Amino acid sequence: MKKIMRTGLLRFFTFFVLLFSIQVQAYAQVTLAKVFGDNMVLQRGIKIPIWGKSTPGANINATLGEIRVKATANRQGEWKVFFPAFKAGGPYKLSISESGRPGSGIELQGILIGDVWLASGQSNMEWSVKQAQDAVNEIAKADFPKIRLFQVAHVKKLRPQEDVADGKWKICSPENVAQFSAVGYYFAKKIHLDQGVPIGVIQSTWGGTPIEAWTSREKLLSSPTTKAKTMANDTLTEQHFVKDSLDQARSWDILYHPYQNADKKIPQPGYNDAGWPVIEMPKLIKDFGIGPYEGLIWMRKKITLPETFSKANLTLYIGRPDVNYSLYFNGTEICKTVWNTNPGQHYAIPIKILKKGENTITLRLAMLWGIGGLNPPADEMYITNGKARISLAGTWKYQKDLEPAMAKNRNYQYYPSLLFNSMINPLIPYGIKGFLWYQGEANDTAAYNYRKLFPMLIKDWRERWKQGNLPFLYVQLPNFKQIQPLPSESEWAELREAQALTLSLPNTAMACTIDIGEADNIHPGNKQEVARRLALAANKLVYKQDNIASGPLLKSFSKEGGRMRIRFTNAGNGLISKDAKALTGFAVAGEDRRFHWAEARIEGNEVVVYSEKVPHPVAVRYAWADHPLCNLVNSEGLQANPFRTDDWKGITQK
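Residues numbered from 1 in each chain as written. Predicted model: local features only at pLDDT ≥ 70, side-chain atom pairs only at ≥ 80, totals over all residues. Heavy atoms only, no water.

**Quick word on the overall build of the chain**
Secondary structure assignment for the chain yields 12 helices and 36 strands. Projected onto its principal axes, the C-alpha coordinates of the chain cover approximately 95 × 70 × 55 Å. Evaluated residue by residue, the chain yields a buried proportion of 53% over its 654 residues. Partitioning the intrachain contacts of the chain with sequence separation of at least 6 by distance along the chain shows that 76% fall at a separation of at least 24. (Helix = DSSP H or I, 4+ residues; strand = E, 2+ residues; numbered from the N terminus. Buried < 20%, exposed > 50% of the residue type's maximum accessible area, 1.4 Å probe, protein only. Contact = heavy atoms within 4.5 Å.)

Structure below.
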């Protein structure tokens, strides 16, 4: 009896599964990957891949313009079609449907055929048009209907994904361009105007992320440099991501909403800060002497205003904040949660809140990601009536832990392969013209490893796209941090060197930006020039124009007595000093490996370098610093690329 019952139950279960399967298949709808949509740009000159899902075994009909192709969905319901190569043009309509199922199809409108570029990297590629230089004017003029923009949503995943989480193709207009990558947009505009074809840019970026996050697990496991760190991901689950997201939400809530009205109490002139430590400002958190700190620090300073200052509105210049801050004057909120990237860090102080004699200035400073505080110089911190100044530098009181501690976020988007899985893999094999890459800041402390990591990523992406050695254009890190008075070692210089060495890979080009960075801003505003230099490289490498696409590059060197002679390629019509002054940025060293600033003189397409302090030089370095002062350019005004002639062990080489 029991056997009969088990047999009956088994048959019933089998029937139920089959019925469920039939119902799922019967109601399955043909779908497209989310990277396809109205107003997209498809790549000209190649077979055009289109893919999606449908009923397993279904016959798929796809029509682009007048061209019709077919495919059959596999057992998982996956299908892919290839249209033949199209010339630039449009607009076209794309129709996808299953045979024998009227009304089940998809129809996309406004499709253009042109060139598609994938723009990826960390925050400097992510930096939007509205955040960059001359934003208001640039946004107002951004009327280019043949430029189309697609942003991949931020998602991290443990396994390679079949589809992006979200995204929509948008026609370039003042309404749509503000949030888009500034470098991506300005590059697209330049190429569109130069080449006269529609341009699509797919933006897949995430600020602060290292290159390992964008590389596939398989490729990372192939190198001893990255294998162990990659395998550590095996302990992660999606629940780790959920907890981290909740912790981040809590931290941001604390950042933007002071705890228990702290902003109403602590800034008041009568608040008791008698036991607070003191510190000389401007200074960054790393120099406070309290060790690593993530959270909010309150700072207070008493200043005495002369009588002339209490009779008019004043302007307070806060200097150069490093992250995020709020400012209060005599208990009145002057600004709240302003980021260092906002243009202008000065504020009107109305006469009605001024007091004769002693006044109280309060800052609420966010210390995040190991950074925070106020950057030098001290002379940019002051209050003025337009005629005289009172310095705000010097002694301030400060206190930490007056508000709840911010959760220590794990930032799983930094982990190996997790962004490749969710933000690159789903895009493969969308037809593209090439890659744009701006990244490296997050790898500076291990710059020597970037010599392996960067070529690894390029090869990884090219192999997976199966379009040959797709053009890979990238930005070399700009000048950043404080200028050093003497030649010194530099993580950023070593990272730039790793980027330059990657030019040994075929079909690569690099935009040198050593002259357009900012000492106190890791996100320099001039993204127009960054994009222009990338476009110069694209016009030469990809579009085969006869142009000078980069600054002078080291070709060779030789020793001539007490002098070193440096030879360059890409000199154009000759080497010159950008500011018509003596060449700067050159340093020489002898056998003792101690570098000294050097004299340098242009002779044709060569530079002769020497120093009285180094009678027997053996090595030359140029622009080898975080923030070098350098002025050697070619006839096109493009900066000479930083270099060194030695191969001595650097500070990031283990």
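What follows continues from the structure just given.
**Observations concerning the pairing of strand S3 (residues 48-53)**
The element S3 is largely enclosed, with a buried count of five among its six residues. As defined by bridge partners, strand S1 (residues 31-32) adjoins S3 across two bridges and the pair is classed as antiparallel. Note that in S3 the partner of Leu32 across the bridge is Gly52. Relative to strand S6 (residues 78-83), S3 is paired through six bridges, and the arrangement is antiparallel. When the bridges of S6 are listed, Ile50 appears paired with Val81. (Pairing = 2+ DSSP bridges.)

**Concerning the packing of aromatic side chains**
One pass over the full model with this rule turns up 33 aromatic pairs. An angle of 90 degrees between the planes, with centres 5.7 Å apart, marks the rings of Trp437 and Trp461 as edge-to-face. Of this pair, Trp437 sits in strand S24 (residues 434-438) while Trp461 sits in helix H10 (residues 450-465), placing them 24 residues apart in sequence. A relative accessible area of 1% means that Trp437 is categorised as buried. For Trp461, a relative accessible area of 0% gives the class buried. Look at Phe454 and Tyr474: their rings are 4.8 Å apart centre to centre, the planes differ by 85 degrees, and that puts the pair in the edge-to-face class. Here Phe454 is found in helix H10, whereas its partner Tyr474 is found in strand S25 (residues 472-475), with 20 residues between them in sequence. (Phe/Tyr/Trp six-rings, centres within 6.5 Å; stacked < 30°, edge-to-face > 60°.)

**Things to note about the pairing of strand S7 (residues 89-98)**
Direction of pairing for strand S4 (residues 59-64) relative to S7: antiparallel, over a ladder of five bridges. Paired with Thr63 across the two strands is Ser95, which belongs to S7. Looking at chain direction, S7 and strand S8 (residues 106-121) are connected through five bridges and run antiparallel. Along S8, the bridge assignment pairs Tyr92 with Ile111.

**Things to note about the sheet that holds strand S22 (residues 389-391)**
The strand order S18-S14-S21-S22 describes an open sheet built from four strands, whose pairing is antiparallel. Sheet topology places strand S18 (346-349) and S22 at the edges, where each strand pairs with a single neighbour. In this sheet, neighbouring strand axes are inclined to one another by 20 degrees on average, regardless of whether the strands run parallel or antiparallel. (Axes fitted to C-alpha atoms, helices over the stretch in contact; angles between N-to-C directions.)

**Looking at the packing of helix H4 (residues 182-195) against helix H12 (residues 527-541)**
Interaxial distance between H4 and H12 falls to 8 Å at its minimum, and their mutual angle equals 45 degrees. Judged by the angle between their axes, H4 and H12 are oblique. H12 is crossed by H4, and the crossing has right-handed handedness. Listed contacts from H12 to Ala182, Val183, Tyr186, Phe187, Lys190, Ile191, Asp194 and Gln195 of H4 are Lys527, Gln528, Val530, Ala531, Leu534, Ala535, Ala538 and Asn539. In terms of residue class, the contact of H4 with H12 is made up of 10 nonpolar, three polar and three charged. (Parallel < 35°, antiparallel > 145°, perpendicular 65-115°, else oblique. Left-handed = near helix turned anticlockwise from the far one by under 90°. Nonpolar A, V, L, I, M, F, W, Y, C, P; charged D, E, K, R; others polar.)

**A short note on the sheet that holds S3**
Ordered in space as S1-S3-S6, the three strands form an open sheet in which the pairing is antiparallel. A single partner strand is all that each edge strand has here, and the edge strands are S1 and S6.

**Focus on the state of the cysteines**
By definition, a disulfide links the sulfur atoms of two cysteines through a covalent bond. Under the definition given, this model contains zero disulfides. Here Cys512 stays unpaired: no disulfide links it, and the sulfur of Cys630, its closest cysteine neighbor, is 7.5 Å away. (Disulfide = S-S within 2.5 Å.)

**Concerning the environment of Ile349**
Within the fold, Ile349 resides in strand S18. Apart from the residues lying within four places of it in its own chain, the contact partners of Ile349 are Asn313, Leu314, Leu316, Phe329, Ile334, Leu354 and Ile383.

**Some remarks on the confidence of the model for the chain**
On average, the chain scores 92 in pLDDT, and the residues at 70 or more come to 95%. Every residue in residues 1-10 is under pLDDT 50, and counting partners more than four places away or in other chains gives zero contacts. Note on residues 12-27: pLDDT under 50 across the span, and three contacts to partners over four residues away in sequence or across chains. (pLDDT = per-residue confidence, 0-100.)

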